Amino acid sequence: WDKLDSKIKHFKIRTKFFFAFVITSLVLILLLGSIFQYISVRILYKNTQSFTGEFLEQVSNNMENKTENLMESTYELMTDSEFKYQLRSNAEVIGENGMGRYRQAVRVLGAQHFTIVSPVSAFYARGSLNELSWWGKYREGHSITETDAAKVMEQCAEYMEDYNTYWFSQGDRIFLARNMIDTDTNLGEVYGTVVFEIEKDFFEPIQSENKMISNDSLIFENNTGRL
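Being a predicted model, the structure only gives us computed values, none of them experimental.

### So, helix 5 (residues 99–113)
Residues lying three or four places apart along an α-helix face the same way, a consequence of the helix completing one turn every 3.6 residues.
Moving on, step 1. Taking 1.5 Å of rise per residue, the 15 residues of helix 5 would be expected to cover 21 Å, and the 22 Å separating its terminal C-alpha atoms lies within 8% of that figure.
Moving on, step 2. Within helix 5, burial applies to Tyr102, Arg103, Val106, Leu109 and Gly110. The buried residues of helix 5 occupy an angular sector of 115 degrees when the element is viewed end-on, so they sit on one face. In helix 5, the exposed positions angled more than 90 degrees off the buried face are occupied by Gly100, Arg101 and Gln112.

What follows is the structure, given as C-alpha coordinates:
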(Lines give C-alpha, C1' and ligand atoms only; values in the text may rest on other atoms or scores of the structure.)
Protein backbone atom coordinates (compact mmCIF):
# COMPACT_ATOMS: atom_id res chain seq x y z
CA TRP A 1 0.00 0.00 0.00
CA ASP A 2 2.88 2.39 0.74
CA LYS A 3 4.32 1.85 -2.75
CA LEU A 4 0.91 2.37 -4.34
CA ASP A 5 0.34 5.50 -2.28
CA SER A 6 3.76 6.79 -3.30
CA LYS A 7 3.04 6.20 -7.00
CA ILE A 8 -0.34 7.94 -6.75
CA LYS A 9 1.33 10.98 -5.18
CA HIS A 10 3.67 11.24 -8.16
CA PHE A 11 0.75 11.15 -10.67
CA LYS A 12 0.00 14.33 -12.54
CA ILE A 13 -3.09 16.27 -11.52
CA ARG A 14 -4.74 15.37 -14.83
CA THR A 15 -4.12 11.67 -14.25
CA LYS A 16 -5.52 11.89 -10.73
CA PHE A 17 -8.64 13.61 -12.07
CA PHE A 18 -8.97 10.90 -14.73
CA PHE A 19 -8.85 8.08 -12.14
CA ALA A 20 -11.25 9.94 -9.88
CA PHE A 21 -13.64 10.39 -12.80
CA VAL A 22 -13.44 6.68 -13.75
CA ILE A 23 -14.00 5.51 -10.16
CA THR A 24 -16.89 7.96 -9.66
CA SER A 25 -18.45 6.85 -12.97
CA LEU A 26 -18.19 3.17 -12.01
CA VAL A 27 -19.79 3.84 -8.63
CA LEU A 28 -22.62 5.79 -10.28
CA ILE A 29 -23.14 3.09 -12.92
CA LEU A 30 -23.32 0.38 -10.23
CA LEU A 31 -25.65 2.51 -8.12
CA LEU A 32 -27.93 3.37 -11.04
CA GLY A 33 -27.86 -0.26 -12.22
CA SER A 34 -28.91 -1.48 -8.78
CA ILE A 35 -31.72 1.10 -8.61
CA PHE A 36 -32.88 0.21 -12.12
CA GLN A 37 -32.84 -3.50 -11.32
CA TYR A 38 -34.81 -2.93 -8.11
CA ILE A 39 -37.42 -0.82 -9.92
CA SER A 40 -37.65 -3.35 -12.78
CA VAL A 41 -38.18 -6.26 -10.38
CA ARG A 42 -40.87 -4.33 -8.49
CA ILE A 43 -42.67 -3.42 -11.73
CA LEU A 44 -42.43 -7.01 -12.99
CA TYR A 45 -43.72 -8.35 -9.66
CA LYS A 46 -46.61 -5.88 -9.62
CA ASN A 47 -47.55 -6.63 -13.24
CA THR A 48 -47.30 -10.39 -12.63
CA GLN A 49 -49.45 -10.09 -9.51
CA SER A 50 -52.05 -8.08 -11.42
CA PHE A 51 -52.01 -10.49 -14.38
CA THR A 52 -52.29 -13.51 -12.08
CA GLY A 53 -55.25 -12.04 -10.22
CA GLU A 54 -57.13 -11.24 -13.44
CA PHE A 55 -56.24 -14.62 -14.93
CA LEU A 56 -57.40 -16.57 -11.87
CA GLU A 57 -60.64 -14.60 -11.82
CA GLN A 58 -61.21 -15.59 -15.44
CA VAL A 59 -60.37 -19.24 -14.67
CA SER A 60 -62.75 -19.12 -11.70
CA ASN A 61 -65.59 -17.75 -13.83
CA ASN A 62 -64.97 -20.31 -16.55
CA MET A 63 -64.90 -23.15 -14.02
CA GLU A 64 -68.10 -21.87 -12.43
CA ASN A 65 -69.86 -21.93 -15.80
CA LYS A 66 -68.50 -25.40 -16.59
CA THR A 67 -69.55 -26.69 -13.18
CA GLU A 68 -73.06 -25.27 -13.54
CA ASN A 69 -73.41 -27.04 -16.91
CA LEU A 70 -72.12 -30.25 -15.34
CA MET A 71 -74.60 -29.97 -12.46
CA GLU A 72 -77.43 -29.47 -14.95
CA SER A 73 -76.42 -32.57 -16.93
CA THR A 74 -76.32 -34.69 -13.76
CA TYR A 75 -79.64 -33.23 -12.62
CA GLU A 76 -81.24 -34.32 -15.92
CA LEU A 77 -80.39 -37.93 -15.11
CA MET A 78 -81.54 -37.65 -11.52
CA THR A 79 -84.93 -36.25 -12.58
CA ASP A 80 -85.42 -38.81 -15.34
CA SER A 81 -88.66 -40.62 -14.43
CA GLU A 82 -87.32 -44.04 -15.46
CA PHE A 83 -84.10 -43.54 -13.47
CA LYS A 84 -86.09 -42.45 -10.42
CA TYR A 85 -88.30 -45.50 -10.82
CA GLN A 86 -85.29 -47.82 -10.94
CA LEU A 87 -83.63 -46.35 -7.84
CA ARG A 88 -86.90 -46.47 -5.93
CA SER A 89 -87.73 -50.02 -7.02
CA ASN A 90 -88.92 -52.23 -4.19
CA ALA A 91 -87.70 -55.73 -3.48
CA GLU A 92 -90.67 -57.29 -5.30
CA VAL A 93 -89.90 -55.50 -8.59
CA ILE A 94 -86.18 -56.30 -8.43
CA GLY A 95 -87.02 -59.87 -7.44
CA GLU A 96 -89.26 -60.29 -10.48
CA ASN A 97 -86.85 -58.80 -12.99
CA GLY A 98 -83.57 -59.89 -11.38
CA MET A 99 -80.60 -57.77 -10.33
CA GLY A 100 -78.94 -58.20 -13.73
CA ARG A 101 -81.87 -56.66 -15.58
CA TYR A 102 -82.10 -53.89 -12.98
CA ARG A 103 -78.44 -52.95 -13.46
CA GLN A 104 -78.74 -53.17 -17.23
CA ALA A 105 -81.68 -50.74 -17.17
CA VAL A 106 -79.58 -48.25 -15.19
CA ARG A 107 -76.65 -48.60 -17.61
CA VAL A 108 -78.89 -47.96 -20.61
CA LEU A 109 -80.08 -44.74 -18.97
CA GLY A 110 -76.47 -43.66 -18.41
CA ALA A 111 -75.59 -44.19 -22.07
CA GLN A 112 -78.63 -42.13 -23.08
CA HIS A 113 -77.76 -39.16 -20.88
CA PHE A 114 -73.97 -38.90 -21.22
CA THR A 115 -72.48 -38.69 -24.68
CA ILE A 116 -68.84 -39.22 -25.61
CA VAL A 117 -68.13 -35.46 -25.17
CA SER A 118 -69.66 -35.29 -21.69
CA PRO A 119 -67.20 -34.75 -18.80
CA VAL A 120 -69.02 -37.54 -16.92
CA SER A 121 -67.09 -40.76 -17.59
CA ALA A 122 -69.04 -43.02 -15.20
CA PHE A 123 -71.58 -43.03 -12.40
CA TYR A 124 -72.31 -45.29 -9.46
CA ALA A 125 -75.68 -45.45 -7.73
CA ARG A 126 -77.35 -46.88 -4.65
CA GLY A 127 -81.13 -46.93 -4.47
CA SER A 128 -83.67 -47.06 -1.68
CA LEU A 129 -82.85 -50.72 -0.95
CA ASN A 130 -79.10 -50.01 -0.96
CA GLU A 131 -78.76 -51.95 -4.20
CA LEU A 132 -75.68 -51.06 -6.27
CA SER A 133 -75.59 -50.26 -9.98
CA TRP A 134 -73.22 -48.41 -12.27
CA TRP A 135 -72.47 -47.23 -15.80
CA GLY A 136 -69.23 -46.25 -17.51
CA LYS A 137 -68.04 -45.10 -20.92
CA TYR A 138 -66.47 -47.83 -22.98
CA ARG A 139 -62.70 -47.99 -22.56
CA GLU A 140 -60.71 -50.71 -24.27
CA GLY A 141 -59.21 -53.09 -21.72
CA HIS A 142 -61.04 -51.49 -18.79
CA SER A 143 -64.43 -52.20 -17.27
CA ILE A 144 -65.99 -51.30 -13.94
CA THR A 145 -66.40 -54.21 -11.56
CA GLU A 146 -68.76 -54.49 -8.62
CA THR A 147 -65.74 -54.24 -6.30
CA ASP A 148 -64.67 -50.96 -7.96
CA ALA A 149 -68.17 -49.53 -7.64
CA ALA A 150 -68.48 -50.63 -4.00
CA LYS A 151 -65.20 -48.88 -3.07
CA VAL A 152 -66.38 -45.61 -4.60
CA MET A 153 -69.71 -45.78 -2.78
CA GLU A 154 -68.04 -46.68 0.52
CA GLN A 155 -65.82 -43.61 0.33
CA CYS A 156 -68.79 -41.49 -0.68
CA ALA A 157 -70.74 -42.65 2.39
CA GLU A 158 -68.01 -41.22 4.63
CA TYR A 159 -68.66 -37.70 3.30
CA MET A 160 -72.39 -37.57 2.59
CA GLU A 161 -73.76 -37.61 6.14
CA ASP A 162 -74.28 -33.85 6.29
CA TYR A 163 -74.35 -32.92 2.60
CA ASN A 164 -76.56 -33.48 -0.41
CA THR A 165 -73.79 -32.54 -2.86
CA TYR A 166 -70.11 -33.27 -2.34
CA TRP A 167 -66.90 -33.30 -4.39
CA PHE A 168 -64.18 -35.77 -3.41
CA SER A 169 -61.14 -37.51 -4.87
CA GLN A 170 -59.79 -41.05 -4.90
CA GLY A 171 -56.16 -40.99 -5.97
CA ASP A 172 -56.16 -38.98 -9.22
CA ARG A 173 -59.88 -39.59 -9.82
CA ILE A 174 -62.47 -36.86 -9.15
CA PHE A 175 -66.07 -37.54 -8.12
CA LEU A 176 -69.25 -35.52 -7.65
CA ALA A 177 -71.73 -37.15 -5.26
CA ARG A 178 -75.41 -36.15 -5.20
CA ASN A 179 -78.28 -37.41 -3.10
CA MET A 180 -81.56 -38.37 -4.74
CA ILE A 181 -84.19 -36.35 -2.89
CA ASP A 182 -87.90 -37.06 -3.06
CA THR A 183 -89.40 -33.92 -4.61
CA ASP A 184 -92.81 -35.51 -5.20
CA THR A 185 -93.72 -35.01 -1.53
CA ASN A 186 -92.87 -32.40 1.06
CA LEU A 187 -90.83 -34.88 3.09
CA GLY A 188 -87.58 -34.33 1.20
CA GLU A 189 -86.61 -37.94 1.81
CA VAL A 190 -83.26 -39.17 0.45
CA TYR A 191 -83.90 -42.44 -1.36
CA GLY A 192 -80.63 -42.89 -3.20
CA THR A 193 -77.15 -41.52 -3.95
CA VAL A 194 -75.42 -41.12 -7.31
CA VAL A 195 -71.66 -40.58 -7.64
CA PHE A 196 -70.46 -39.16 -10.95
CA GLU A 197 -66.85 -39.72 -12.01
CA ILE A 198 -65.51 -36.68 -13.86
CA GLU A 199 -62.98 -36.72 -16.70
CA LYS A 200 -59.51 -35.51 -15.64
CA ASP A 201 -59.32 -32.73 -18.24
CA PHE A 202 -62.44 -31.11 -16.77
CA PHE A 203 -60.14 -29.55 -14.14
CA GLU A 204 -57.51 -28.47 -16.68
CA PRO A 205 -58.98 -25.10 -17.65
CA ILE A 206 -55.81 -23.58 -19.10
CA GLN A 207 -55.42 -24.12 -22.83
CA SER A 208 -52.57 -21.70 -23.51
CA GLU A 209 -48.93 -21.50 -24.50
CA ASN A 210 -48.33 -19.15 -21.57
CA LYS A 211 -46.25 -21.03 -19.01
CA MET A 212 -46.53 -18.40 -16.26
CA ILE A 213 -49.50 -20.36 -14.89
CA SER A 214 -50.01 -24.02 -15.71
CA ASN A 215 -52.69 -26.56 -14.86
CA ASP A 216 -50.18 -28.24 -12.55
CA SER A 217 -50.04 -25.11 -10.38
CA LEU A 218 -53.81 -24.82 -9.83
CA ILE A 219 -55.51 -26.15 -6.70
CA PHE A 220 -59.26 -26.58 -6.27
CA GLU A 221 -61.18 -26.86 -3.00
CA ASN A 222 -64.52 -28.55 -2.45
CA ASN A 223 -67.33 -27.09 -0.32
CA THR A 224 -65.66 -28.19 2.95
CA GLY A 225 -62.12 -27.07 2.18
CA ARG A 226 -60.81 -30.48 1.04
CA LEU A 227 -58.40 -30.29 -1.89
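Past the structure itself, the notes keep going.
### Remarks on the pattern of salt bridges
Moving on, step 1. Evaluated as defined, the whole model comprises four salt bridges.
Moving on, step 2. For the salt bridge of glutamate 146 with arginine 103, the shortest nitrogen-to-oxygen distance reads 3.2 Å. Linking glutamate 146 in helix 6 (residues 146–159) with arginine 103 in helix 5, this pair joins segments that are 43 residues apart in sequence.
Moving on, step 3. By relative accessible area, which is 44% here, glutamate 146 ends up partly exposed.
Moving on, step 4. Aspartate 172 serves as the salt-bridge partner of lysine 200, at 3.0 Å between the closest nitrogen and oxygen. Residue lysine 200 is found in the segment after strand 5 (190–198), and its partner aspartate 172 is found in the loop between strand 3 (165–170) and strand 4 (173–181); the two are separated by 28 residues along the sequence.

### Structural notes on the packing of aromatic side chains
Moving on, step 1. Counting across every chain of the model gives eleven aromatic pairs.
Moving on, step 2. By way of ring pairs, the aromatic residues Tyr124, Tyr159, Tyr163, Tyr166, Phe168 and Phe175 are connected into one cluster.
Moving on, step 3. Over the face of the ring belonging to phenylalanine 202 we find lysine 66, whose NZ or CZ atom lies 4.7 Å from the ring centre.
Moving on, step 4. When the ring centre of tyrosine 191 is taken as origin, the NZ or CZ atom of arginine 88, which lies over that ring, is 4.5 Å away.

### A look at the sheet that holds strand 4
Moving on, step 1. Here we have five strands laid out as an open sheet, ordered 2-1-5-4-3, and antiparallel in their pairing. Strand pairing shows two members of the sheet lacking a second neighbour, strand 2 (132–136) and strand 3, which therefore form its edges. Shown here is a sheet whose adjacent strand axes are inclined to one another by a mean of 20 degrees, direction ignored.
Moving on, step 2. As judged from the eight bridges shared by strand 4 and strand 5, these two strands associate in the antiparallel manner. Across the sheet, methionine 180 pairs through a bridge with glycine 192, a residue of strand 5.
Moving on, step 3. Lying on the sheet, helix 6 is in contact with strand 1 (120–126), strand 2, strand 3, strand 4 and strand 5; it crosses strand 3 at an angle near 125 degrees.

The rules we used
- Residues numbered from 1 in each chain as written.
- Predicted model: local features only at pLDDT ≥ 70, side-chain atom pairs only at ≥ 80, totals over all residues.
- Heavy atoms only, no water.
- Helix = DSSP H or I, 4+ residues; strand = E, 2+ residues; numbered from the N terminus.
- Expected span 1.5 Å × (residues − 1).
- Buried < 20%, exposed > 50% of the residue type's maximum accessible area, 1.4 Å probe, protein only.
- Arc of directions from axis to C-beta.
- Salt bridge = Lys/Arg side-chain N within 4 Å of Asp/Glu carboxyl O.
- Phe/Tyr/Trp six-rings, centres within 6.5 Å; stacked < 30°, edge-to-face > 60°.
- Lys NZ or Arg CZ within 6 Å of the ring centre and 35° of its normal.
- Pairing = 2+ DSSP bridges.
- Axes fitted to C-alpha atoms, helices over the stretch in contact; angles between N-to-C directions.
- Contact = heavy atoms within 4.5 Å.

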